[in-house]
Amino acid sequence: MSSPGVPGGSWRAFLYADPAAHSLSPQMHAAAFAAAGLAGQYEARRVAPQDLPAAIAELRAPGVLGANLSLPHKETALLLLDDLSPAARAIGAVNTVIHRSGRLLGENTDAPGLLAALDEAGASAGGLSVVLGAGGAARAAVYALRSRGQAAMVVNRTPERAAALTRDLGGQALNAAEVPWAQVGLLVNASSAGLGDPHASPLTPLPALAPGALVYDMVYKPTETRLMREARAAGVRAENGLGMLAHQARLAFFAWTGAEVPAPVFLEALAGGVQVPPRP
Ligand code: NAP
């Protein structure tokens, strides 16, 4: 990758979020720049909603690779970019902005990041899939599963949002009581229930799932959620969202730089930022 078009400068990338201080992305991308042998800086910036247009315009400057977007900007940024990838357009959310010669492309690496994490966790392609939630993360999950031929059932606290999601992206919106749980081989929590609260769960009680099922919780703080704890207690495999977080960052870094930095670099950088308890 040639050097940045700014005198004495290094490559720059940003996270735009509000709040931004809690983010684990700076440590992941600092490790990635080092592993790739590139001079680069990644800065988390608190950007209020009304300041997003100006912040996005700054990404067109020479030497800027792009940005990650997080709450509350993933959906509102859609209208501020020059182009959208098919995934970002279908999901309706951008988590990665890619700068190329003054033009800005909106991409969504949450969807392929989830698939990579599911593959690593050994999720089987057979059986039924259920996605809990109907926000941007759930839309990315339903899109991702559909891209490999798995239609998901979607269960959400507000059923109308699940119905709207499945109208857009396919799958079936159901109440929890309607799901044939004994046939479910993959349960993805894409709701924010359990985020920051080890006692909260999106699904109580946890129903019996198919033999060999995997529970994938996108939440990673705490690193073992109540949903995961209850799944493991019932002998069901369960993973937190750190794998997805690492893979979405890996894919964003590749889109910006063309450098294929392996996932363990991102995961090891994360291990410094969260307390990972020993696995049972
Ligand atoms: P969002 O757009 O705000 O959607 C939140 C969803 O959670 C909504 O469907 C909401 O239901 C549901 N929800 C919130 N509180 C709930 C509760 N107490 N019980 C049941 N459902 C509840 O958020 P998002 O951007 O989709 O993110 C969702 C989660 O995924 C967050 O925890 C986020 O950190 C995580 N995430 C992780 C990764 C990763 O890389 N691991 C990437 C993206 C997102 P209603 O529709 O009824 O409000």
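Relevant structure appears above.
(A) Geometry of the site of the ligand. In the vicinity of the ligand lie 22 residues, with Ala-134, Ala-137, Asn-156, Thr-158 and Arg-161 positioned nearest. The backbone of Ala-137 places a nitrogen or oxygen atom 2.8 Å from an oxygen atom of the ligand. A distance of 2.7 Å separates an oxygen atom of the ligand from a polar atom in the side chain of Arg-161. Look at the ligand: alone it shows 930 Å² of surface, and the protein chains cover 77% of it. Those elements that place two or more of their residues in the shell around the ligand are helix 5 (136–147) and helix 8 (242–257).

(B) Structural context of the pairing of strand 10 (residues 184–189). By the criterion of burial, strand 10 is predominantly enclosed, with six of the six residues buried. Relative to strand 10, strand 7 (residues 128–132) runs parallel, the two being bridged by five bridges. Residue pairing for strand 10: Leu-132 is matched across the bridge by Asn-189. As paired elements, strand 10 and strand 11 (residues 214–217) share four bridges and run parallel to each other. The residue of strand 11 that forms the bridge with Leu-186 is Leu-214.

(C) Summary view of unusual backbone geometry. With an omega dihedral of -10 degrees, the bond running from Thr-204 to Pro-205 counts as a cis peptide bond. One non-glycine residue with positive phi stands out, namely Ser-101, at about 50 degrees. With respect to the helices and strands, Ser-101 occurs in the loop between strand 5 (96–100) and strand 6 (103–107). Judged by relative accessible area, which is 79%, Ser-101 ranks as exposed.

(D) Local environment of the sheet that holds strand 7. A sheet is described by the order of its strands in space; here six strands give the open sequence 9-8-7-10-11-12, paired in parallel fashion. Each edge of the open sheet carries a strand with a single partner, namely strand 9 (172–173) and strand 12 (237–239).

(E) Region of interest: the nonpolar core. The biggest cluster of nonpolar side chains holds 31 residues, and the ones touching the most others in it are Leu-118 and Val-131. Looking at this core, the elements that each hand over two or more residues are helix 3 (86–91), helix 4 (110–120), helix 5, strand 8 (152–155), helix 6 (159–169), strand 10 and strand 11. Ranked by residue count, the leading element in this core is helix 5, at seven residues. Built from parts of two domains, this core gets at least three residues from each of domain 1 (7–108 + 248–271) and domain 2 (111–240). When sequence neighbours within four positions are dropped, the list of residues in contact with Val-131 reads Ala-138, Ala-141, Val-142, Leu-145, Ala-152, Met-153, Val-154, Val-155, Val-188 and Ala-190. One finds Met-28, Ala-32, Ile-98 and Ala-252 within the second-largest nonpolar core, a separate group that totals 26 residues.

(F) Representation of the pattern of salt bridges within the structure. Taken as a whole and assessed by the stated rule, the structure comprises 10 salt bridges. The shortest N-O distance in the salt bridge between Asp-82 and Arg-60 comes to 2.7 Å. Of this pair, Asp-82 sits in the loop between strand 3 (64–69) and strand 4 (83–84) while Arg-60 sits in the loop between helix 2 (52–58) and strand 3, and the two are 22 residues apart along the sequence.

(G) Geometry of the sheet that holds strand 4. Pairing is mixed in the open sheet, where six strands are placed in the order 2-1-3-5-6-4. Only two strands of the sheet have a single partner each, and these edge strands are strand 2 (40–46) and strand 4. As paired elements, strand 1 (residues 11–17) and strand 2 share seven bridges and run parallel to each other. Paired with Trp-11 across the strands is Gly-40, a residue of strand 2.

(H) Quick look at the environment of Phe-266. Looking at the element boundaries, Phe-266 is found in helix 9 (residues 263–271). Using a relative accessible area of 0% as the deciding quantity, one classes Phe-266 as buried. Sequence separation between Phe-266 and Arg-89 is 177 residues, and the spatial gap between their C-alpha atoms is 27 Å. Those residues within four positions of Phe-266 in sequence are excluded, and the remaining contacts are Met-28, His-29, Ala-32, Ala-246, Ala-249, Arg-250, Phe-253 and Val-261.

(I) How the structure looks around the packing of helix 4 against helix 5. At a closest axis distance of 8 Å, the pairing of helix 4 and helix 5 adopts a crossing angle of 65 degrees. Pair helix 4 / helix 5 crosses with right-handed handedness. Residues Asp-110, Ala-111, Leu-114, Leu-115 and Leu-118 of helix 4 touch helix 5, and the partners they reach there are Ala-140, Ala-141, Tyr-143, Ala-144, Leu-145 and Ser-147. Taken together, the residues that form the contact of helix 4 with helix 5 break down as nine nonpolar, one polar and one charged.

(J) Region of interest: the packing of aromatic side chains. For the structure shown, the criterion picks out four aromatic pairs. Summarising the aromatic geometry, the rings of Tyr-42 and Trp-256 are spaced 6.2 Å apart at their centres and angled 40 degrees between planes, so their arrangement reads as tilted. With Tyr-42 in strand 2 and Trp-256 in helix 8, this residue pair connects regions lying 214 residues apart in the sequence. Pairwise contacts between aromatic rings join Phe-33, Phe-253 and Phe-266 into one cluster.

Analysis parameters
Residues numbered from 1 in each chain as written. Predicted model: local features only at pLDDT ≥ 70, side-chain atom pairs only at ≥ 80, totals over all residues. Heavy atoms only, no water. Near = heavy atom within 4 Å. Polar contact = N/O pair within 3.5 Å; in protein donor to acceptor, adjacent residues only side chain to side chain. Areas by Shrake-Rupley, 256 points an atom, 1.4 Å probe, with all protein chains shown as cover. Helix = DSSP H or I, 4+ residues; strand = E, 2+ residues; numbered from the N terminus. Buried < 20%, exposed > 50% of the residue type's maximum accessible area, 1.4 Å probe, protein only. Pairing = 2+ DSSP bridges. Core = buried A, V, L, I, M, F, W, Y, C linked by side-chain atoms within 4.5 Å. Domains from an automatic or database assignment. Contact = heavy atoms within 4.5 Å. Salt bridge = Lys/Arg side-chain N within 4 Å of Asp/Glu carboxyl O. Axes fitted to C-alpha atoms, helices over the stretch in contact; angles between N-to-C directions. Left-handed = near helix turned anticlockwise from the far one by under 90°. Nonpolar A, V, L, I, M, F, W, Y, C, P; charged D, E, K, R; others polar. Phe/Tyr/Trp six-rings, centres within 6.5 Å; stacked < 30°, edge-to-face > 60°.

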